[in-house]
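For reference, the chains in residue letters:
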Amino acid sequence: MMTLAERMIEYRARERISQTELASRCGLSLQTVCSVENETQSPSKVTMAKIELVIGKEGNEHVED
């Protein structure tokens, strides 16, 4: 099972976006995204929910036809 940080990094690689763009999509600061990805900060429930809405919960990732 992948960690949230690993899934964020995988999502950014798949979408070819920067941490700045992910932060924008999630409505979070760049500092928050960096801290969560580097696992120097445990995200609050609200922050985690914002990230999950964008990257998709594990097992519910967007599948293209």
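Structure: above.
Where helix α1 (residues 4-15) contacts helix α2 (residues 19-26), the axes come no closer than 10 Å and their chain directions differ by 105°. With respect to α2, the axis of α1 lies roughly perpendicular. Of the residues in α2, those in contact with M8, Y11, R12 and E15 of α1 are Q19, L22 and R25. Broken down by class, the residue content of the contact of α1 with α2 amounts to 3 nonpolar, 1 polar and 3 charged.

By size, the foremost hydrophobic cluster in this structure holds 12 residues: L4, M8, Y11, I17, L22, A23, C26, L28, V33, V36, I51 and I55. Elements supplying a minimum of two residues to this core: α1, α2, α3 (30-37) and α4 (45-55). Setting aside residues up to four positions removed in sequence, I51 forms contacts with L4, M8, C26, L28, V36 and G56.

This brings us to unusual backbone geometry. With the exception of glycine, the majority of residues adopt a negative phi angle, and the majority of peptide bonds are in the trans configuration. Of note, the phi angle at R16 is positive, near 55°, even though the residue is not glycine. Inspection of the secondary structure assignment puts R16 in the loop between α1 and α2. Backbone geometry at E39 places phi at a positive 55°, although glycine is not the residue there. Take E39: it is sitting in the loop between α3 and α4.

Before going further, it helps to spend a moment on the packing of α1 against α3. Their axes nearest at 8 Å, the elements α1 and α3 cross at an angle of 115°. Side by side, α1 and α3 meet where L4, A5, M8, I9 and R12 of the first sit next to V33, V36 and E37 of the second. Residues belonging to the contact of α1 with α3 are distributed by class as follows: 6 nonpolar, no polar and 2 charged.

Conventions used here
- Residues numbered from 1 in each chain as written.
- Predicted model: local features only at pLDDT ≥ 70, side-chain atom pairs only at ≥ 80, totals over all residues.
- Heavy atoms only, no water.
- Axes fitted to C-alpha atoms, helices over the stretch in contact; angles between N-to-C directions.
- Helix = DSSP H or I, 4+ residues; strand = E, 2+ residues; numbered from the N terminus.
- Parallel < 35°, antiparallel > 145°, perpendicular 65-115°, else oblique.
- Contact = heavy atoms within 4.5 Å.
- Nonpolar A, V, L, I, M, F, W, Y, C, P; charged D, E, K, R; others polar.
- Core = buried A, V, L, I, M, F, W, Y, C linked by side-chain atoms within 4.5 Å.
- Buried < 20%, exposed > 50% of the residue type's maximum accessible area, 1.4 Å probe, protein only.

Keep in mind that these numbers describe shape and distance, not what the molecule does.
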